[in-house]
Amino acid sequence: MTSLETVRMVAAREFRERGKSRAYLISSAVTLGIILAMVVIPAVLSGRGRTFTVGVLGEGNDPILAAAEALTADDESPTTIERISFDDRDEASTALEEGEVDAVLVDGRELLVTTTGGFGGSDLERLLQQAASTRRIQELLTTGGAAADVVEILTAEALEVVPLRGERGEEAARRGMIAYGGLVLMYIAILSYGAWLLTGVTEEKSNRVIEVLLATMKPWQLLAGKMVGIGLLGILQFVVTLITATVAIRVTNLFDFPEIPVDLLLSMVLWFLLGYGLYSVAYGAAGSLVSRAEDAQTAAFPMTMVAVVGFFVSFRALADPSSASAVVMTFIPPVAPFVVPVRVAFGAIPLWEHAAAVAVTVGFLAVLVRLAGRVYAGALLHYGGRLKFREAFRSAEM
Amino acid sequence: MLVLDGLAKTYGQVRALDGCSFTVDRGRMIGFLGPNGVGKTTAMRAIFGLVRLDAGSVTWNGRPVADEDRMRFGYMPEARGLYPKMKAFDQLVYLGTLHGMTRPQAKAAAGRWLETLGLADRADSPVEELSHGNQQRVQLAAALVHEPELLVLDEPFSGLDPLGVETMAGILRDQADRGVAVVFSSHQLDLVEDLCEDVAIIDHGRVVLSGNVDELKDASAYRRLDVEIEDGGDFFRHLRGVVAEETDGDRHRLLVDKGTDVRELLAEAAAAGRIRRFVYTTPSLSDLFREAVSR
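None of the values given here were measured: they were computed from a predicted structure. (Residues numbered from 1 in each chain as written. Chains lettered and ligands numbered in written order. Predicted model: local features only at pLDDT ≥ 70, side-chain atom pairs only at ≥ 80, totals over all residues.)

A short note on the overall build of chain B
Part 1 of the reasoning: Broken down by element type, chain B carries ten helices and 14 strands.
Part 2 of the reasoning: Along the first, second and third principal axes, the C-alpha set of chain B runs to 75 × 45 × 35 Å.
Part 3 of the reasoning: A burial count over chain B gives 41% of its 295 residues as buried.
Part 4 of the reasoning: Long-range pairs, those at least 24 residues apart, make up 69% of the contacts in chain B between residues at least 6 apart in sequence. (Helix = DSSP H or I, 4+ residues; strand = E, 2+ residues; numbered from the N terminus. Buried ≥ 20, exposed ≤ 12 C-beta atoms within 10 Å, placed from the backbone. Contact = placed C-beta atoms within 7 Å.)

If you want it as structure tokens, here you go:
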């Protein structure tokens, strides 16, 4: 029997047993529940009749606003639009700034908004765009336009959106949103699946099955098998959650689901694997130091701290993905899995930096695997109180 | 054949093993005895490569034990443990495959062992729901499921009720009869005496006495004398060669020099009073043990 077969068997057991466990099923159900609630509740709320206040400036606005109301007229709870007329642009901008109006429609062509919030614009923005397109198609039909014109109307934005603050960049906004979502998901995934490894390792020590296992395999095989098995379960939960979220968003039409650029997706998968690898190895070593489940969190405190710090500093990268600090963090392995995908999302990382960051992290991971493997091997058969990293390292038997 | 040769291991200041050597032949059962904390567990772990030895070697069939050999060893560690939430049957199948069995083989063997141990109806129970005694049985099955050639059991009898002891003893004897080399540690000397042809007694990390139990008894420098004399008083005070004595009313249990003439003893006893009992025999395993580890 080869080493890898042993690793595969350990992984398969982890996958089967943990996958069946109440803890896994409940945590999966809770995650799905939260995701669905996040999508469905706003969708239900936004379905209620809403009232927007729109400032109007110039000519040609009324048909669009009328069309907008007409569009939702068949809904269970139609949207109503209140109008406030302005005489000049400054006055309108001030009112918009102060929140008296939600947006300002100018000459039936331009839409003033405060900022380009989130991505895909606000509900009102979307409604007005739709209304304006509808109007133009109606006009086209009465004047007898060509089919090509219809296509153009449908693909282009009917109203030019002018934000008071910030740049309008569809792509950047979309990528930013994905980066933010990805960052949060990555953090949650790495920490929770890392924690599974932590408790899984401690459990084997506390219920003493470890000695029977080590009589048949090397510690690294056990650690590697657990990492793979738990990693696969984690990825499964992750994918199911993402698919559910995507379907829920599509069904409820809560917002336009952004298309995820392929380069970003690949980079997120890669960095998830690297991040999970780093943290799970470290958590595995920490878990081996203690014999009781209640001590596990304490032993893992340093790793958890690093992850939390990594998560928060990566918000800086989110704010300014090209800053010097973001570049530095790219090369700090425990932080890189959070920071690099953000920079990739904004297209703010040169290819060589990305490649170098992967190389540095893989190198770090290789060293960490050896160190952690040795701590793990040294600590596994030590029962009783908590072992120090150094003691475990020294007493490594295998 | 398993040979432990000159094993040495020091943990900090503690010398756990100090030249520990003994041999286990296939088809033999050896009792590994010794006071607490003298290195029994360390020696057993060394067989499975769980201890990095400072010196010495463990060989199986003349070659240092390799990972493939360990696939054919069965181990019941002192620190008992199985996955509490895993079903007994699944657990045995898993351990069987870890020892190189195919899944169908492992399933067949797991079923067979659960049947043998009277646990067939609990096959699908998580181990944590089994009684203590039944957990012990599953643990034994875990050591046996892959039909090992060498069976190493650390205190297999501790915590068993008399029925459990009987079952365990029967299975170990069975394994030895089938050609398995069996080594187990125990504190229950009477049991070992009944069960084993061979013993190894360890003290301070070193085997101080080992070999065939009967031969060891014969070779002992002492003999056991159990006499009961009506109103015999302390007749043994006059005897030469008495090493130790225990008196309970008229009954005296003596340990005497091997060289003492038994006829002389009998004459002395007869002179002291009416003899109700006179048993002259080799020392018990407990005597050998006490002698070997006397401190």
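Notes on the interface of chain B and chain A
Part 1 of the reasoning: At the interface, 24 residues of chain B touch 20 residues of chain A.
Part 2 of the reasoning: Of all the elements, helix H3 (residues 88-98) of chain B adds the most residues to the side of chain B that touches chain A, at four residues.
Part 3 of the reasoning: Per-class residue counts for the side of chain B that touches chain A are 15 nonpolar, five polar and four charged. (Nonpolar A, V, L, I, M, F, W, Y, C, P; charged D, E, K, R; others polar.)

Describing the nonpolar core
Part 1 of the reasoning: Grouped together as the largest cluster of nonpolar side chains are 145 residues, with contacts concentrated most on B:Leu92, B:Ala141 and B:Val145.
Part 2 of the reasoning: Counting residues per element, this core draws most heavily on helix H10 (residues 262-289) of chain A, at 13 residues.
Part 3 of the reasoning: Each residue touching B:Leu92, except ones within four places of it in the same chain, is listed here: B:Ala110, B:Trp113, B:Ala141, B:Ala142 and B:Val145.
Part 4 of the reasoning: Among the nonpolar cores identified, the runner-up in size contains 23 residues, and A:Val54, A:Ala68, A:Leu105 and A:Ala132 belong to it. (Core = buried A, V, L, I, M, F, W, Y, C linked by C-beta atoms within 7 Å.)

A look at the environment of B:Asp154
Residue and element names in this part refer to chain B.
Part 1 of the reasoning: Within the secondary structure layout, aspartate 154 lies in the loop between strand E7 (150-153) and helix H6 (162-177).
Part 2 of the reasoning: Overall, the presence of 22 C-beta atoms within 10 Å leaves aspartate 154 in the buried class.
Part 3 of the reasoning: Taking the C-alpha atoms as reference points, aspartate 154 and aspartate 174, 20 residues apart in sequence, are found 18 Å from one another.

A few points about the sheet that holds strand E8 (residues 181-185) of chain B
Residues and elements named next belong to chain B.
Part 1 of the reasoning: Read from one edge of the open sheet, six strands run E6-E7-E8-E3-E9-E10, paired in mixed fashion. The open sheet has two free edges, formed respectively by strand E6 (73-76) and strand E10 (206-212), since each of these has just one partner strand. Pairs of neighbouring strands in the sheet enclose a mean axial angle of 15°, with direction left out of account.
Part 2 of the reasoning: Relative to E10, strand E9 (residues 198-203) is paired through six bridges, and the arrangement is antiparallel. Counterpart to valine 199 in the pairing with E10 is glycine 211.
Part 3 of the reasoning: Each of E6 and E7 touches helix H5 (residues 132-144); the most contacted strand, E6, lies at about 160° to it.
Part 4 of the reasoning: Sitting on the sheet, H6 is in contact with strand E3 (29-33), E7 and E8, with an inclination near 150° to E8. (Pairing = 2+ DSSP bridges. Axes fitted to C-alpha atoms, helices over the stretch in contact; angles between N-to-C directions.)

Brief notes about the confidence of the model for chain B
Part 1 of the reasoning: Mean pLDDT over chain B works out to 89, with 100% of the residues at or above the 70 mark.
Part 2 of the reasoning: Here the complex is predicted with pTM 0.75, and the ipTM for its interfaces comes to 0.83. (pLDDT = per-residue confidence, 0-100.)

Some points on helix H14 (residues 351-379) of chain A
Part 1 of the reasoning: Relative to the 42 Å expected for 29 residues at 1.5 Å per residue, H14(A) spans 41 Å between its end C-alpha atoms, a close match to the ideal helical length.
Part 2 of the reasoning: Taken residue by residue, H14(A) has A:Ala357, A:Thr361, A:Val369, A:Ala372, A:Gly373, A:Arg374, A:Val375, A:Tyr376, A:Ala377, A:Gly378 and A:Ala379 as its buried positions. (Expected span 1.5 Å × (residues − 1).)

Comments concerning the pairing of strand E3 (residues 103-106) of chain A
Each regular strand carries side chains that alternate between the two faces of the sheet.
Residues and elements named next belong to chain A.
Part 1 of the reasoning: Neither face of E3 is open: one carries Ala103 and Leu105, the other Val104 and Val106, and all of them are buried.
Part 2 of the reasoning: When strand E1 (residues 51-57) meets E3, the two strands line up parallel, connected through four bridges. Residue pairing in the sheet places valine 56 in a bridge with leucine 105 of E3.
Part 3 of the reasoning: Where E3 and strand E4 (residues 110-113) come together, three bridges link them in antiparallel fashion.

So, the environment of B:Gln135
All names here are of chain B.
Part 1 of the reasoning: Note that glutamine 135 resides in helix H5.
Part 2 of the reasoning: The class for glutamine 135 is partly exposed, based on 19 C-beta atoms found within 10 Å.
Part 3 of the reasoning: Taking the C-alpha atoms as reference points, glutamine 135 and serine 286, separated by 151 residues in sequence, lie 30 Å from one another.
Part 4 of the reasoning: When sequence neighbours within four positions are dropped, the list of residues in contact with glutamine 135 reads Val127 and Leu130.

Describing the domain arrangement of chain B
Residue and element names in this part refer to chain B.
Part 1 of the reasoning: Partitioning chain B into structural domains gives domain 1 (2-212) and domain 2 (220-292).
Part 2 of the reasoning: Computed from C-alpha coordinates alone, the two centres of domain 1 and domain 2 are separated by 39 Å.
Part 3 of the reasoning: Those elements that place two or more of their residues in the side of domain 1 that touches domain 2 are helix H7 (189-195), E9 and E10.
Part 4 of the reasoning: Here the residues of the side of domain 1 that touches domain 2 sort into seven nonpolar, no polar and two charged. (Domains from an automatic or database assignment.)

Some details on the pairing of E8(B)
Residue and element names in this part refer to chain B.
Part 1 of the reasoning: Summarising burial for E8: five of the five residues are buried, a large majority.
Part 2 of the reasoning: Sheet topology places E3 next to E8; four bridges connect them, and they run parallel. Within E8, the position partnered with methionine 29 by the bridge is valine 182.

Section: the sheet that holds strand E1 (residues 2-11) of chain B
Part 1 of the reasoning: One open sheet accounts for four strands, arranged E2-E1-E4-E5 (chain B); its pairing is antiparallel. Pairing within the sheet leaves two strands with one partner each, and these edge strands are strand E2 (14-24) and strand E5 (63-64) of chain B.

Regarding the packing of H10(A) against helix H13 (residues 336-345) of chain A
Residue and element names in this part refer to chain A.
Part 1 of the reasoning: Taken N-terminus to C-terminus, the directions of H10 and H13 make an angle of 175°; their axes are 9 Å apart at the nearest point. By the angle class used here, H10 and H13 are roughly antiparallel. When H10 is examined against H13, the residues Asp263, Leu264, Ser267, Met268, Trp271, Leu274, Gly275 and Leu278 are found in contact with a partner set consisting of Pro337, Val340, Pro341, Val344 and Ala345.
Part 2 of the reasoning: Its residues assigned to classes, the contact of H10 with H13 comprises ten nonpolar, two polar and one charged. (Parallel < 35°, antiparallel > 145°, perpendicular 65-115°, else oblique.)

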